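# What the coordinates show
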Amino acid sequence: MQSDHYAILVGIDRYPQLGPGNTPLDLRGPRNDVAAVRQWLRDPAGGGFADDSTIFEFQAPAGTPPGAAMPTAAQLDDLVARLDQIAQDNKDQGRGRQVGRRIYIYLSGHGFSPGRQRACLFTADAQERLGHNVHATGWLSWLQDSGYFREFVLWVDACMDRAAFLPPHDPPLPLTTSLVPPLANFVAFAAQRPLRAVELPIEEDGGRVHGVFTWTLLEGLRGAAADVNGRVTGRSLADWVRNAMVARYGDAERKDPNVAQEPEVIQEDAGLIFARGLAAPLSTLKLVFPPAAEGRPARIWSGAPPRVVQSFTVAAAGNEVALKPGLYLAEVPDQALRQGFEVLRPGAVQVGDAGVPARACDGSEIFTLSIDPRDPTAEIFVIDSRFSLVDRGVAALGTRLPAGLFKAKVRVGNATRQDVVLLDGDATLPAAAAPPQQVATVLPLPDTAATHEYHEGGRQRALDAARALQAQPGEAVLLCLVRSFSSRDAPVMPARPPWQGMQVFDAQGRLVLDMDHDAQVEAFGDPLAFAVKKLAPGCYFLRQPLDGQGVIEQSLVLAAGWRTEAYMLRRTTAQAQDAEARPRTSVLMGRLGADPAPLGQERVLEVARQALADERKVLNPELEDLLMQKFDDPVAGIIGGHLLLVERERDPARDLGRLDGVVRRLQGLVGSGHPDVAALALRCADPQLRQPQGLTGPPMFQRSWALLAAAAADQPALVPPAVWARVHALSAMPPFLVWNTADEVKAAARRALAEALFAPEAPVAAPAPAVPAMGPARPALDLPLAQRRAARMGIPASMVDSLRADLDR
């Protein structure tokens, strides 16, 4: 029994005011999920907790009225504060601060991601505009820094797609830094940013609704993720959940571009052991063969080196086989049928691929597996029969591997293809050249998943209209195109036009474009509207309504001699019959009067934009040439520069030498005053490039803002107070910088930021009030601490005094 293991379990299924117009937005799974996780924790063959005394859950106070919006952030803070109190008691008794060996943190409900590898859970009192929350990764970081435990587990089953304009709420506890680093960590979220998680009825649990991520996790913990030694480790559990989660989905979830097809696993230490002595379960599969194979001998291969594990005669009705999780090959040699497949849960496999008979290998052979999707943005993964990643590449991959079964996974943008291959000789996978699903792009491009031919025609008409303006070299042109997409075969007209309420203002607050009045509308099928305007160079602000959450705004920087093209897409479903609240946005630039870039380059740029939004490593020599050296569109260079910085963050040895060349070219195209160019220049080696002057306003890209805000500690002019005051109610809608303009939201965001900066340093031993009293009696301000917090939160140092004054009013 694990008497030194602790757990915090939170499942919120009632959200009385998080929906549109502060209506309920309830879930069905979180309470069931918490009960299932608690059951595993108490299982002697699972978590091994002796009792519930070290499992902390929120309990509503006696007399709480039914339907009350609980728990709040302050009430959840108490769960962490209880651990802090145990640590303080241990210290007072001379036993040191350590509370236990391992801590499990499980959170389920509605959520969002404020940044890469960060997750927040909305609390029950969250409203549509006021997203009260707890910062899950903030809890984890605080506990890791404190040294209260040696092993840390964080599971978050929540969507990462919602917009939130309040900052992440961290534990209001003093930071205690331990000199002892964690031994092992496992951190996983149900969805990558900005995608949705899924909850579904689970047949094995009597039809109760569970988060698919949670149930898949528990399957792995119960044995499906057991390694060859019968142990479930951090590494084997991560391999299982990455591959098995999608097997629970139906067709709708697999085809939905908004749904996460695999979880976000951030840390997966192999040294963290969840369970021992487990056998992987068997799943029953039905193999269905073509009629001509009836009565023929068939075989199933598995293992490394591959061997025959079952032989049988093909039956007309199909053949049922019981197999452990893994990769397999079914073949009918005299019919030249050779079909690779994976086993994750019971189901059916159609055997139809052609191939030569498999041959036995003795384990000494090494073969070459070649994969070339013919796309410079393609990400390639090779996975073995234990679901472990063995190799990866970008654009193309040739890898030498021992004989065995492997899964080749190719991802281009948000489209994925997987092929299981028995490597019994050198092999090339032409079938993996392109995912079967088309890439979904905001820009209406041919052969993409969310575009009609008439959308392509609409874009051409918009470009023709921009060219007809005959703008002069010292002028700029703005093109805005907005459309909806539902389906190719049966388009659904949204209840409201997707461009309704969309406007553009100049830096002085004057309306310069109103889509409701200025746009040319093409109202058939999935509708489209566009407008073009000749404008003076400078910073402009695109405003769009976010249903029920006020108006969101982002900057569009127009440069002299350039056409800036802003594209917005809102998807529509037959069920909702309304365009989704959250717009998808893309921005391109082209020289006045010039034709757009070749379609292939525009497609690559769209996929690169998606990669930047997800902060994925996709750069390769061909893509670097397109985005860093040969680009004519300044947006391509900005995206390329940020992708390079993303890779540097992942790999400190990554050379940034090309960034200086990117910035020089950008400065030559649009000038050093462009805020996104100025932001990238801050990371250049050449000091002559790091001299931004006359910034025109906030940047277009979120990562540019982060660079500017961090540098503003030493160069306050980079972020003037007026700019910060405009944008501080930020939301994570990567890769662009987006903020809320509603006064109520901005005031709440400012208050929350101020409270986070000046949180009391005294330990919290009891539930904190919902709004801590921070009036004139506040203890003396620790300015160095506030400055450090401001830098970590992306708040310019020049705003610290102003925020302090807000709290003292």
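Residues numbered from 1 in each chain as written. Predicted model: local features only at pLDDT ≥ 70, side-chain atom pairs only at ≥ 80, totals over all residues. Heavy atoms only, no water.

### So, the sheet that holds strand β16 (residues 307-313)
Across a sheet, strands are paired by hydrogen bonds formed along the backbone, either parallel or antiparallel in direction. Spatial ordering of the open sheet is given by β16-β15-β18-β19, a layout of four strands whose pairing is antiparallel. Single-partner strands in this sheet number two, and they are β16 and β19 (337-343). Looking at each pair of strands side by side, their axes are set apart by 25 degrees on average, direction ignored. Judged from the three bridges that link them, strand β15 (residues 297-302) and strand β18 (residues 326-332) form a sheet pairing that is antiparallel. (Pairing = 2+ DSSP bridges. Helix = DSSP H or I, 4+ residues; strand = E, 2+ residues; numbered from the N terminus. Axes fitted to C-alpha atoms, helices over the stretch in contact; angles between N-to-C directions.)

### Here we look at the pattern of salt bridges
On inspection of all chains with the given rule, the structure shows 46 salt bridges. A salt bridge links Asp 625 to Arg 658, with the nearest nitrogen and oxygen atoms 3.1 Å apart. Of the two residues, Asp 625 sits in helix α10 (residues 621-629) while Arg 658 sits in helix α12 (residues 657-670), which places them 33 residues apart along the sequence. Glu 647 serves as the salt-bridge partner of Arg 654, at 2.9 Å between the closest nitrogen and oxygen. Each member of the pair, Arg 654 as well as Glu 647, carries the same accessibility label: buried. (Salt bridge = Lys/Arg side-chain N within 4 Å of Asp/Glu carboxyl O. Buried < 20%, exposed > 50% of the residue type's maximum accessible area, 1.4 Å probe, protein only.)

### A word on the nonpolar core
Nonpolar side chains tend toward joint burial in soluble globular proteins. Counting 116 residues, the largest nonpolar core has Met 515 and Leu 643 as its most contacted members. Not counting residues up to four positions away in its chain, the partners in contact with Met 515 are Cys 480, Val 482, Trp 499, Met 502, Ala 529, Phe 530 and Ala 531. By size, the runner-up hydrophobic cluster in this structure holds 57 residues, among which are Ala 226, Val 241, Ala 275 and Leu 422. (Core = buried A, V, L, I, M, F, W, Y, C linked by side-chain atoms within 4.5 Å. Contact = heavy atoms within 4.5 Å.)

### Observations regarding unusual backbone geometry
The linkage connecting Met 70 with the following residue, Pro 71, adopts the cis geometry, with an omega of 5 degrees. Structurally, Pro 71 is set in the loop between β2 (55-57) and α2 (73-92). Here Ala 304 and Pro 305 are connected by a cis peptide whose omega angle stands at 0 degrees. Assignment of secondary structure puts Pro 305 in the loop between β15 and β16. For Phe 387, which is not a glycine, the phi torsion comes out positive at approximately 70 degrees. Mapped onto the secondary structure, Phe 387 falls in the loop between β22 (379-384) and β23 (389-394). The buried category is assigned to Phe 387, whose relative accessible area is 6%.

### What to know about the side chain of Asp 676
Within the secondary structure, Asp 676 is located in helix α13 (residues 675-681). No salt bridge is formed by the buried Asp 676, whose closest oppositely charged neighbour, Arg 703, lies at an N-O distance of 10.0 Å. Of the polar contacts made by the side chain of Asp 676, one reaches the backbone nitrogen of Met 700; its length is 2.8 Å. Looking at Asp 676, its side chain comes within polar contact range of the side chain of Ser 704, at 2.7 Å. Residues contacting Asp 676, with those up to four places away along its chain left out, are Ile 638, Pro 699, Met 700, Phe 701 and Ser 704. (Lys, Arg positive; Asp, Glu negative; His and termini not counted. Polar contact = N/O pair within 3.5 Å; in protein donor to acceptor, adjacent residues only side chain to side chain.)

### Points about the sheet that holds strand β3 (residues 102-108)
Taken in spatial order, the six strands of this open sheet run β2-β1-β3-β7-β8-β12, and their pairing is mixed. Edge positions in the sheet fall to β2 and β12 (264-268), since each has one partner strand and no second. Neighbour to neighbour, the strand axes of the sheet diverge by 10 degrees on average, direction disregarded. As judged from the three bridges shared by strand β1 (residues 5-11) and β2, these two strands associate in the parallel manner. In the sheet register, Ala 7 faces β2, and the bridge partner there is Ile 55. Packing of α2 onto the sheet brings it into contact with β1, β2 and β3, and relative to β1 it is tilted by some 170 degrees. Across the sheet, helix α4 (residues 212-224) lies against β3, β7 (151-157) and β8 (184-189), angled at about 140 degrees from β7, the strand it touches most.

### A word on α4
Helix length check: α4 (13 residues) gives 15 Å between terminal C-alpha atoms against 18 Å at 1.5 Å per residue, more than 12% under. Those residues of α4 that fall on the buried side of the exposure criterion are Val 212, Phe 213, Thr 214, Trp 215, Thr 216, Leu 217, Leu 218, Glu 219, Gly 220, Leu 221, Gly 223 and Ala 224. (Expected span 1.5 Å × (residues − 1).)

### Observations concerning the side chain of Gln 339
Along the polypeptide, Gln 339 turns up in strand β19. There is a polar contact of 3.1 Å between the side chain of Gln 339 and the backbone nitrogen of Asp 353.

### Some words on the packing of aromatic side chains
To describe a pair of aromatic rings, one takes the distance between the centres and the angle between the planes. Per the stated rule, a full pass over the model turns up 18 aromatic pairs. An angle of 65 degrees between the planes, with centres 6.4 Å apart, marks the rings of Trp 240 and Phe 387 as edge-to-face. Separated by 147 residues along the polypeptide, Trp 240 in helix α5 (residues 234-244) and Phe 387 in the loop between β22 and β23 bring together distant segments of the chain. Phe 387 carries the same exposure label as Trp 240, and that label is buried. Looking at Arg 102, its charged tip hangs above the ring of Phe 274, at a distance of 5.6 Å from the centre. In this structure, Lys 409 is placed above the aromatic ring of Phe 381, and the distance from its NZ or CZ to the ring centre is 5.9 Å. (Phe/Tyr/Trp six-rings, centres within 6.5 Å; stacked < 30°, edge-to-face > 60°. Lys NZ or Arg CZ within 6 Å of the ring centre and 35° of its normal.)

### Quick word on the pairing of strand β38 (residues 736-740)
The element β38 is largely enclosed, with a buried count of five among its five residues. Where burial is concerned, the two faces of β38 agree: the one with Phe 736, Val 738 and Asn 740 and the one with Leu 737 and Trp 739 are both buried. Where strand β34 (residues 551-558) lies against β38, two bridges are found, and the strand directions are antiparallel. Looking at β38, one finds that Glu 553 is bridged to Trp 739.

### Remarks on the packing of helix α1 (residues 30-42) against α4
Here α1 crosses α4 at 10 degrees, and the two axes come no closer than 10 Å. When the axes of α1 and α4 are compared, the pair comes out roughly parallel. For the crossing formed where α1 meets α4, the hand is left-handed. Contacts between α1 and α4 involve Asp 33, Ala 36, Val 37 and Trp 40 on the former and, on the latter, Thr 214, Leu 218, Leu 221 and Arg 222. A class-by-class count of the residues in the contact of α1 with α4 yields five nonpolar, one polar and two charged. (Parallel < 35°, antiparallel > 145°, perpendicular 65-115°, else oblique. Left-handed = near helix turned anticlockwise from the far one by under 90°. Nonpolar A, V, L, I, M, F, W, Y, C, P; charged D, E, K, R; others polar.)

### So, the pairing of β3
When you tally the buried positions in β3, you get seven out of seven residues, the bulk of the element. Residue alternation in β3 divides its side chains into two sets, Arg 102, Tyr 104, Tyr 106 and Ser 108 and Ile 103, Ile 105 and Leu 107, and both sets are buried. Inspection of the sheet shows β1 paired to β3 by seven bridges, in the parallel sense. By the bridge assignment, Tyr 6 is partnered in β3 with Ile 103. As judged from the seven bridges shared by β3 and β7, these two strands associate in the parallel manner. Residue pairing across strands places Leu 107 opposite Val 156, the latter belonging to β7.

### Remarks on the packing of α10 against α12
Remark: α10 packs on α12, axes separated minimally by 9 Å, with the N-to-C direction vectors making an angle of 40 degrees. As summarised for this structure, α10 and α12 are arranged oblique, according to the angle between their axes. Contact residues: α10 offers Glu 624, Asp 625, Met 628 and Gln 629, while α12 offers Arg 658, Val 662 and Arg 665.

### Some remarks on α10
The α-helix winds at 3.6 residues per turn, so residues separated by three or four positions along the chain end up facing the same way. Listing the buried residues of α10 in full gives Leu 623, Glu 624, Leu 627 and Met 628. Projected down its long axis, α10 carries its buried residues within an arc of 100 degrees, all on one side. Residues of α10 that are buried make contact with α9 (599-614), α11 (634-650) and α12. By the N-cap criterion, in which a side-chain oxygen at the helix start approaches the backbone nitrogen of a residue two or three places on, α10 is capped by Asn 620, the distance to Glu 622 being 3.1 Å. (Arc of directions from axis to C-beta.)

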